[in-house]
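Given next are the chains, with one letter for each unit.
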There are 2 protein chains.
Amino acid sequence: MTSRKVVTFENIKVACKNCSLATLCLPMGLTPDDVERLDGIIKRGRPYHRGDHLYRGGDKFHSLRVITSGSVKTYSPNEDGGEQVLGFHLPGELIGLDAIQDDNHTCSAIALETTAVCEIPFSQLESLSCIMPSLQHQMYRLLSREIGQETEMLTLLGKKSAEERLATFLLSFSERFKQRGFSASDFFLSMSRHEIGNYLGLAVETVSRLFTRFQDENLLHVERKHVQLLDIPRLYDIVQGTDSAKSSQSRI
Amino acid sequence: MTSRKVVTFENIKVACKNCSLATLCLPMGLTPDDVERLDGIIKRGRPYHRGDHLYRGGDKFHSLRVITSGSVKTYSPNEDGGEQVLGFHLPGELIGLDAIQDDNHTCSAIALETTAVCEIPFSQLESLSCIMPSLQHQMYRLLSREIGQETEMLTLLGKKSAEERLATFLLSFSERFKQRGFSASDFFLSMSRHEIGNYLGLAVETVSRLFTRFQDENLLHVERKHVQLLDIPRLYDIVQGTDSAKSSQSRI
DNA sequence: AGACTTTCTTGATGCGGATCAAGTCATTTT
DNA sequence: AAAATGACTTGATCCGCATCAAGAAAGTCT
């Protein structure tokens, strides 16, 4: 009859081939055999709690990490005590790519809530990618994608108004939650207003005011960390800067 | 006697092993044999003139490019007609990394002056890096470095004042010219004030005023595109935001 | 539960840098 | 050489967002 092997919950979860995130993650596009081989080098540790560091700037780099549940903030401490928030990362996202450069982490990563990660020892990943061209290709694509995403942030910070920035931010989460099978219009943000502001190059107060304003304009409903997007198309209009949305408001 | 083979100027120039940029470029850290193999896939075309596009956003991606002389601006056209300048690239710098992602260029690259480049067909580079671990490693490092540099720009655009931005910009060129064997304190900028402003998230007028102010404060001498840095340490102070420089000015 | 702390919101004010408007200088055209 | 064009500078004004200040709400500690 069926195999005697006991398949515990852990056994199921702890393998790329059974992971619901596989289509977003490193194994994306690999053959089952290749996924198996990749799986062989991945380490899964105990979860982190809110406020725990996954790594800090200056730490020796040995592993890339993929978030499997929870969320993570990456930031780079700058000379004068402050910090620049570099990103908020959701399950399936790979972090630590900036550290390959010189074998040291240049920024820090901290759990925003209870968070589980897969660790991928980089030297092993590198060896593996030498004998698995599809993995190598995937790595190049992921690194390139990271560059493309940062490029978009450059435009955001260089050219967009506060309103456009927050709308972009919200829609980014909307899209990413949707990709992961969650609601695109109803979600919880795990970071503080302060962290949102820091990330977007805005003061906390501005972020708070914008949430209020967006709510007044029936673009969304917000209560602390709980956000419900009520008019996603108009949020996209705002992102574009083509403020037809605004005029339709003000012509009351 | 010496070989009968005639070594023309072109023959000398057109090979990584004879290229003075090799230590800044892809071959960095490779063995002579490996450099030779890499050299085998590199294509060198006729130079571009000021205003020529190396590629445009949307173009099919096939090659990475290294500037060998001259300079290049990369930018991403944004929806509403404007553009975001993403970078200015000097000899030895590799561009096009953002296009690996989905085989299409997401941004455009245009020559700021007469410019020569090496083209590296990416599919060949990929194959080669499968059999040359050191090349693969180098590629990972370069991609990671690109991410790190964009990260720094995020901090610049998110947190720094106009003054800090321009000082950072100038010192970046100073360092890069120095690396390339040119003066760190006396150089020509190949881009317009408008392009500098766009890159730094500032209006042209602000850039112009800052040049004037820096000159008044004896930080530099500027005449159109010709810049002479007169007080590099104080420019570094400005970058830090630790404005001891400023106080020493104002306490006259 | 009550005190304390932190986060968020809201209002008032101020400033840095954008925008608008001319004018100057350099380069190209004819 | 004069005229046209584009790049840069300089001044005046304005506005978006930061900063300052205070209160409200939520979370934490004892």
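Here goes a summary of the coordinates provided. (Residues numbered from 1 in each chain as written. Chains lettered and ligands numbered in written order. Predicted model: local features only at pLDDT ≥ 70, side-chain atom pairs only at ≥ 80, totals over all residues. Heavy atoms only, no water.)

### Notes on the relation of the copies chain B and chain A
Two chain copies here: they are related by a rotation about an axis and a translation along the same axis.
Logical step 1: Turning chain B through 180° and shifting it by 0.0 Å along the axis lays it on chain A, with an RMSD of 0.0 Å. Those values place the two copies in the arrangement expected of a two-fold rotation axis. By C-alpha distance to the rotation axis, the residue of chain B lying nearest is Cys130 of chain B, at 2.5 Å.
Logical step 2: Counting the interface residues of chain B, we find that 98% of their copies in chain A are interface residues as well, pointing to one common contact surface. (Least-squares fit on C-alpha atoms with pLDDT ≥ 70 in both. Contact = heavy atoms within 4.5 Å.)

### Digging into the side chain of His105 of chain A
Residues and elements named next belong to chain A.
Logical step 1: Inspection of the secondary structure assignment puts His105 in the loop between strand S6 (94-95) and strand S7 (108-111).
Logical step 2: Exposure remark for His105: the relative accessible area of 4% places this residue in the buried category.
Logical step 3: Discounting residues that sit within four places of it in the chain, His105 has contacts with Tyr55, Arg56, Gly57, Gly58, Asp59, Lys60, Phe61, Ser63, Arg65 and Ala99. (Helix = DSSP H or I, 4+ residues; strand = E, 2+ residues; numbered from the N terminus. Buried < 20%, exposed > 50% of the residue type's maximum accessible area, 1.4 Å probe, protein only.)

### As for unusual backbone geometry
Logical step 1: The backbone of Asn218 of chain A shows a phi angle near 60°, a positive value even though the residue is not glycine.
Logical step 2: Relative to the helices and strands, Asn218 of chain A resides in the loop between helix H7 (204-216) and strand S10 (220-223).
Logical step 3: By relative accessible area, which is 54% here, Asn218 of chain A ends up exposed.
Logical step 4: One non-glycine residue, Asp103 of chain B, lies in the positive phi region at around 65°.
Logical step 5: Along the polypeptide, Asp103 of chain B turns up in the loop between strand S6 (94-95) and strand S7 (108-111).

### Concerning the protein's contact with DNA strand C
Logical step 1: Around DNA strand C sit 18 residues in total, of which Ser208, Arg209 and Thr212 of chain A together with Ala162 and Thr206 of chain B are the nearest.
Logical step 2: Counting only the atoms of DNA strand C that lie within 4 Å of the protein, the sugar and phosphate share comes to 62%.
Logical step 3: Note that a base nitrogen of DNA strand C is positioned 2.7 Å from one of the side-chain N or O atoms of Arg209 of chain A.
Logical step 4: A distance of 3.3 Å separates a phosphate oxygen of DNA strand C from a polar atom in the backbone of Gly201 of chain B.
Logical step 5: The set of elements that each furnish at least two residues to the surface near DNA strand C consists of helix H6 (193-200) and H7 of chain A together with helix H7 (204-216) of chain B. (Near = heavy atom within 4 Å. Polar contact = N/O pair within 3.5 Å; in protein donor to acceptor, adjacent residues only side chain to side chain.)

### Here we look at the sheet that holds strand S3 (residues 63-69) of chain B
Logical step 1: Taken together, 4 strands build an open sheet; the order of strands is S1-S8-S3-S6 (chain B) and the sheet is antiparallel. With one partner strand each, in any of the chains shown, strand S1 (43-44) and S6 of chain B form the two edges of the open sheet. (Pairing = 2+ DSSP bridges.)

### Some words on the packing of aromatic side chains
How two aromatic rings sit relative to each other is set out by the distance from centre to centre and by the angle between their planes.
Logical step 1: For the coordinates displayed, the defined rule picks out 21 aromatic pairs over all chains.
Logical step 2: With centroids separated by 5.1 Å and ring planes inclined at 65°, the aromatic side chains of Phe88 of chain A and Tyr199 of chain A adopt a geometry described as edge-to-face. Of this pair, Phe88 of chain A sits in strand S5 (residues 83-89) while Tyr199 of chain A sits in helix H6, and the two are 111 residues apart along the sequence.
Logical step 3: Ring centres of Phe122 of chain A and Tyr140 of chain B lie 5.7 Å apart, and the angle between their planes is 70°; on these two criteria the pair is classed as edge-to-face. A residue pair is termed interchain when its members come from two chains, as with Phe122 of chain A in helix H3 (residues 122-131) and Tyr140 of chain B in helix H4 (residues 133-159).
Logical step 4: Judged by its relative accessible area of 5%, Phe122 of chain A is buried. (Phe/Tyr/Trp six-rings, centres within 6.5 Å; stacked < 30°, edge-to-face > 60°.)

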